[in-house]
Each structure stands twice: as C-alpha cells, then as structure tokens.
Amino acid sequence: MTQFHTDEYVDFLQKVTPDNMDNFSKEQGKYNVGDDCPVFDGLFEFCGISAGGSMEGAARLNRGKCDVAVNWAGGLHHAKKSEASGFCYINGVYHWHMAYDFVRITDPYADIVLGILELLRFKSRVLYIDIDVHHGDGVEEAFYATDRVMTVSFHKYGEYFPGTGELRDIGVGTGKHHAINFPLRDGIDDKSYKSIFEPVIGKVMECYRPEAVVLQCGGDSLSGDRLGCFNLSMKGHANCVNFVKSFNLPTMILGGGGYTMRNVSRTWAYETGRLVGQDLGPELPYTDYYEVSIPQLRAMIASNGLAVLLT
C-alpha cells in the first residue's frame, strides 16, 4: 500500500479500531472516515485482502497462469486523493512512474488501480469497465490523464452519489477521449441495458484494442437493490460478463457495490459459473446453512425486483 499511499494514512488504517477510534478524531476528520466510511474490526486486514487479491489476480494474468481472475472482495471505486468516500477507504497521492505515464492514485482500497498498474507492467493498454449503479469516479480520476487505460462507466446520473460522470467528461492531456461515461436514468431494464452495453463495448474493443480488461460488477445495479434504482435481472447483469468474456482477452472480474446482500451473492455465484462455462440453476448443493437459507437460496432475481421461486 505504501508504494502508492502516504505512510501516515496507511499507519492510521492499521492502528484505528472501534475501541480506540476516539483517540483518532483528528485523523478521522482529515481522512473522512466515519459516517458512510465507518471504522470496523478488521478494516486494515480487509484493505490488504482486497488490494492483494486484485494485484495477485493481475499478476497471474500477466504470467499466463489464468485467462480470467476473479476477486469479488475487490472493485470498490470511490475514494479520493485525501479522503475516504462511499464505503471506500484507501486514499492515494499523486504518483509519477515512467512506465505508467501520469497516474493519480485515488482508488478505494487501492485494489482496482493497483491491479491495473500491475497489468500495465506487461500490457500496453488496459480497458476498465464499470457496471456498478454508481459512477466509477476514483478509477476514472486515477487514469484521467493517460491513454494507457480507457475507463468506461455505465451509471445512474443526476442527483445521485457521487454526482460525477457526465457525458462530457472525456479525459485530459494524453488521456483525452480515453474516459467514456454513459449516464443513465432510473429503471433501465435488461433489454435496454444490453442495447447500450454491447454496441459501446464492441466499438471500444474495435477502436482501443486493449490487451487486458478489468470488469467491475457492482451488484447495486440489480433490480430491488436497497440503494440502487436500476431494473436489471440476474441474467441481464450476467450478460455483461458473458459479452466481455467473449472477446477472449485476459480479464479480471471484480465485485463492488450491492446492498441487498442475498441478491448480490446469488448473482456473483451465477456469474462465477458463467465464467467457467456453467449455467447454474436455482438448486444449490447441500451445506450446513441449507435449511436456514431456504427458500432464499432457491430464488432467482427477476427484473421486477422480486425474488421469484423456481421450485
């Protein structure tokens, strides 16, 4: 983490706990920790797991040890240069590295940016795609001034957190025209999303010709999410994963938002199956939690926001 982040901030995350947080009131104010970015037990450990998972996934892709790497614990995308934001903690500093042009490290938990930077050690161009209901502002800002990463975000726009991601935000300097934003309104369904996602990503693949792809699969774009406002079914959400996978590029799949947890877990399990060529049905294998979780585990997410039992 300290390769890209200030020692002081990382030290704060390592030391602060729910029991001693009153002793760090100044730091909490400085780094915007609290409110929507609370201190919790295991915070620093989770930061390490999240960031480490994405870096290791990228490293395995670089070494040819896998075609697709998955880190559902990663993919959080809001933190800014000097503050946490939107459930995202690890901040960044301005960082210059000859191999990466100019990069502003702003990523939450640093997992997405660190993963992309790892890919850039061996790849000339990396495509980042974000299907979270919120704009992927942290990642966009990190690579706003370089053409080695193209960021594409499909998100709710208009009086909605974080309030960024206009159509006119396209990058600056050598990064101009390498940030693509597709602002959306409430209630978009599978058919409409597909009619947007596939032509846009298809054209990006044709013109940008990335050597690797990072796909953030935020589950808050699912229908019925407690904070989201889209109307995607589980299969509509997974169609984005299928389409990106069809280009047969080294691909890293990350998690992200999602606030109706049972829907998120169903969808990410289903998408993991699709990534390995299996179309998972509603029936799950027996576990110690089977009877506690039924009938929820046997439901699919429909585009009307309801969990529809298929038995």
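Residues numbered from 1 in each chain as written. Predicted model: local features only at pLDDT ≥ 70, side-chain atom pairs only at ≥ 80, totals over all residues. Heavy atoms only, no water.

So, about the overall build of the protein. Within the protein one finds nine helices and 10 strands. Out of the 311 residues in the protein, the part that is buried amounts to 50%. Restricting to contacts in the protein with at least 6 residues of sequence separation, those with at least 24 account for 71%. Carbon and sulfur atoms make up 53% of the accessible area of the protein, which totals about 14,200 Å². (Helix = DSSP H or I, 4+ residues; strand = E, 2+ residues; numbered from the N terminus. Buried < 20%, exposed > 50% of the residue type's maximum accessible area, 1.4 Å probe, protein only. Contact = heavy atoms within 4.5 Å. Areas by Shrake-Rupley, 256 points an atom, 1.4 Å probe, with all protein chains shown as cover.)

Enumeration according to the criterion identifies eight salt bridges in this entry. Note that Lys 156 and Asp 186 form a salt bridge whose closest N and O atoms lie 2.6 Å from each other. Here Asp 186 lies in the loop between β6 (179-184) and α6 (190-208) and Lys 156 lies in strand β5 (residues 149-156), a separation of 30 residues in the sequence. Under the relative-accessibility criterion, Lys 156 is labelled buried at 9%. The exposure class assigned to Asp 186 is partly exposed, which follows from its relative accessible area of 49%. Here Glu 206 makes a salt bridge to Lys 203, at a shortest N to O gap of 3.6 Å. Note that Glu 206 and Lys 203 are positioned in helix α6 at a spacing of three residues, about one turn of the helix. Under the relative-accessibility criterion, Glu 206 is labelled exposed at 51%. (Salt bridge = Lys/Arg side-chain N within 4 Å of Asp/Glu carboxyl O.)

At a minimum axis distance of 10 Å, the contact between α6 and helix α7 (residues 234-245) shows a crossing angle of 15 degrees. Compared by their axis directions, α6 and α7 come out roughly parallel. In this structure, α6 meets α7 at a crossing whose hand is right-handed. For the pair α6 and α7, contact is made by Asp 190, Tyr 193, Lys 194, Phe 197, Glu 198, Ile 201 and Gly 202 and by Gly 236, Asn 239, Cys 240, Phe 243 and Val 244, respectively. For the contact of α6 with α7, a count of residues per class yields six nonpolar, three polar and three charged. (Axes fitted to C-alpha atoms, helices over the stretch in contact; angles between N-to-C directions. Parallel < 35°, antiparallel > 145°, perpendicular 65-115°, else oblique. Left-handed = near helix turned anticlockwise from the far one by under 90°. Nonpolar A, V, L, I, M, F, W, Y, C, P; charged D, E, K, R; others polar.)

Any segment with low pLDDT has predicted coordinates that should not be analysed in fine detail. Here the protein averages 84 in pLDDT, and 80% of its residues register 70 or above. This model gives residues 78-86 a pLDDT under 50, and the stretch forms 51 contacts once residues within four places in sequence are excluded. Low pLDDT, under 50, characterises residues 88-109; the stretch is placed with 100 contacts to residues that sit more than four places away or in other chains. (pLDDT = per-residue confidence, 0-100.)

Let us now look at the sheet that holds strand β1 (residues 68-71). Ordered in space as β1-β8-β7-β4-β5-β6, the six strands form an open sheet in which the pairing is parallel. What marks the edges here is a single partner per strand, and that holds for β1 and β6. Each neighbouring strand pair of the sheet contributes to a mean axis angle of 10 degrees, computed without reference to strand direction. Pairing analysis gives five bridges linking strand β4 (residues 126-130) to β5, with the strands arranged parallel. By the bridge assignment, Tyr 128 is partnered in β5 with Thr 151. Along the sheet, α7 contacts β4, β7 (212-216) and β8 (251-254); its crossing angle with β7, the most-contacted strand, is approximately 175 degrees. (Pairing = 2+ DSSP bridges.)

So, on to the packing of aromatic side chains. Counting across every chain of the model gives eight aromatic pairs. When the ring of Phe 154 is compared with that of Phe 182, the centres are 5.9 Å apart and the planes differ by 25 degrees; the resulting orientation is stacked. One end of the pair, Phe 154, is in strand β5; the other, Phe 182, is in strand β6, and 28 residues separate them in sequence. Look at Phe 182 and you get partly exposed, because its relative accessible area is 27%. Ring centres of Phe 197 and Phe 243 lie 6.3 Å apart, and the angle between their planes is 75 degrees; on these two criteria the pair is classed as edge-to-face. Residue Phe 197 is found in helix α6, and its partner Phe 243 is found in helix α7; the two are separated by 46 residues along the sequence. Assigned by exposure class, Phe 197 and Phe 243 land together as buried. Pairwise contacts between aromatic rings join Phe 154, Phe 182, Tyr 193, Phe 197, Phe 243 and Phe 247 into one cluster. (Phe/Tyr/Trp six-rings, centres within 6.5 Å; stacked < 30°, edge-to-face > 60°.)

Here the focus is the packing of helix α3 (residues 43-62) against helix α4 (residues 111-120). Angle between the axes and distance between the axes: these two values describe a pair of packed helices. Orientation of α3 relative to α4, taken along the N-to-C sense of each, is 20 degrees, at an axis distance of 8 Å. One way to sum up the angle between α3 and α4 is to call them roughly parallel. Regarding α3 and α4, the two cross each other, and that crossing is right-handed. Here α3 contributes Ser 50, Ala 51, Ser 54, Met 55, Ala 58, Ala 59, Leu 61 and Asn 62 to the contact with α4, which in turn contributes Asp 111, Leu 114, Gly 115, Glu 118 and Leu 119.

Glancing now at the side chain of His 178. Relative to the helices and strands, His 178 is located in the loop between β5 and β6. If we skip the residues at most four places from it in the chain, His 178 touches Thr 146, Asp 147, Val 149, Met 150, Thr 151, Ile 170 and Tyr 208.

Glancing now at the pairing of β1. A regular strand places its side chains so that they alternate between the two faces of the sheet. Burial along β1 is one-sided: Ala 69 and Asn 71 are buried, and none of Val 68 and Val 70, which face the opposite way, are. The pairing of β1 with β8 spans four bridges and is parallel. Considered in β8, the bridge of Val 68 is made with Thr 251.

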